[in-house]
Amino acid sequence: MVFSLAYHVLHDRAAAEEVAQEAFLALHRSMPRIASPEHAVFWLRKVTVQRAIDESRRRQRRPVVAFAETREPGAADGQPPDALLAGLLRRLVASLAEAPRAVMVLRYQEDLDPTEIAELLDMPLATVKSHLQRSLALLREKLERRGVTYGQAG
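The shown structure was predicted, so the numbers you read here are calculated from the model rather than taken from an experiment. The residue numbering used here restarts from 1 in each chain and proceeds along that chain's sequence as written. The predicted nature of this model means local features are confined to residues of pLDDT at least 70 and side-chain atom pairs, given and counted, to a pLDDT of 80 or more, with totals for whole chains, interfaces and linings taken over all residues. The side-chain figures draw on all heavy atoms in the structure; neither hydrogens nor water molecules are used.

## Focus: the packing of helix α1 (residues 2–10) against helix α3 (residues 37–61)
Operational definition: For every element, the axis is a line fit to its C-alpha atoms; helices are fit only across the contacting stretch, and the angle between N-to-C directions ranges from 0 to 180 degrees. By definition, any uninterrupted DSSP run of H or I lasting at least four residues is a helix, any uninterrupted run of E lasting at least two residues is a strand, and each is numbered from the N terminus. Roughly parallel means an angle under 35 degrees; roughly antiparallel means over 145; roughly perpendicular covers 65 to 115; every other angle is labelled oblique. Each crossing is labelled by how the near helix is turned from the far one, with a counterclockwise turn of less than a right angle marking it left-handed and a clockwise turn marking it right-handed. We call two residues in contact when some of their heavy atoms are within 4.5 Å.
Remark: α1 packs on α3, axes separated minimally by 9 Å, with the N-to-C direction vectors making an angle of 30°. Regarding the angle of α1 to α3, the classification is roughly parallel. Helix-helix and strand crossings are classified by hand; for α1 and α3 the assignment is right-handed. Between α1 and α3, the contacting residues are V2, L5, A6, V9 and L10 on the first element and L44, R45, T48, V49, A52, I53, E55, S56 and R59 on the second.

## Some points on the nonpolar core
Note the cut-off: Working definition of a nonpolar core: buried Ala, Val, Leu, Ile, Met, Phe, Trp, Tyr and Cys residues. They are joined through side-chain atoms within 4.5 Å. Only protein chains enter the accessibility calculation, which uses a 1.4 Å probe; a residue is then buried when its area is under 20% of its type maximum, exposed when over 50%, and partly exposed in between. Boundary definitions for the domains trace back to an automatic or database domain assignment.
The biggest cluster of nonpolar side chains holds 22 residues, and the ones touching the most others in it are V49, V103, L106, I117, L121 and V128. The biggest single contributor to this core is helix α5 (residues 98–108), with five residues. When we break this core down by domain, the ones giving at least three residues each are domain 1 (1–61) and domain 2 (82–147). V2, L27, I34 and A40 belong to the second largest nonpolar core, which has 10 residues in total.

## What to know about helix α6 (residues 114–121)
Using the following cut-off: Picture the helix axis, draw a direction to every C-beta atom, and the arc is the one those directions span. In protein, a polar contact requires one atom able to donate a hydrogen and another able to accept it; more generally it is a pair of N or O atoms within 3.5 Å, and residues adjacent in sequence count only if both atoms are side-chain atoms.
Listing the buried residues of α6 in full gives I117, A118, L120 and L121. Across the axial projection of α6, the buried residues extend over an arc of 165°, all falling on one side. Contact partners of the buried residues in α6: α3, α5 and α7 (125–145). The opening residue of α6 is D113, an N-cap whose side-chain oxygen sits 2.9 Å from the backbone nitrogen of T115. Once α6 ends, the next one or two residues include D122, with phi positive near 55°.

## Some details on the pattern of salt bridges
Convention followed: Whenever Lys or Arg places a side-chain nitrogen within 4 Å of a carboxyl oxygen from Asp or Glu, that contact is recorded as a salt bridge.
If you walk through the whole model with that rule in mind, you get five salt bridges. Residue E55 pairs with R58 through a salt bridge whose shortest N-O separation is 3.0 Å. Of the two residues, E55 and R58 both sit in helix α3, three residues apart, roughly one turn of that helix. Note on E55: relative accessible area 16%, which makes it buried. Under the relative-accessibility criterion, R58 is labelled partly exposed at 32%.

Next up, the structure:
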């Protein structure tokens, strides 16, 4: 979960490994304050996303060449039904700013509800919902401009 979150925010395997290692070291130092396994998961998600966003911001100030076409972790059990569309969606989500990207990853990769995301990112619930709504609209618009058809849930 930790590596996957970092990877989906950063889209760089080495940087995600570094962020994951930092998160686990921080967890080790904070273990006396962790009350339960659920608290540990919440804490790890929060620290991982915050550190990945920090790393992303550092990279914008000091760009690093990344391996843009690395396979997504978790795809080991087989290719997605439409690998080209999945790749396009990954690139489009990667083009979002840090906060909206983190919200999208937590919602659609980690399957957290907006309330959990708001708490995790220490962000107002309305802001989380706004990021989700705007990001989805932007992604739809970009897909339509590319002539990609997709199904929409009602």
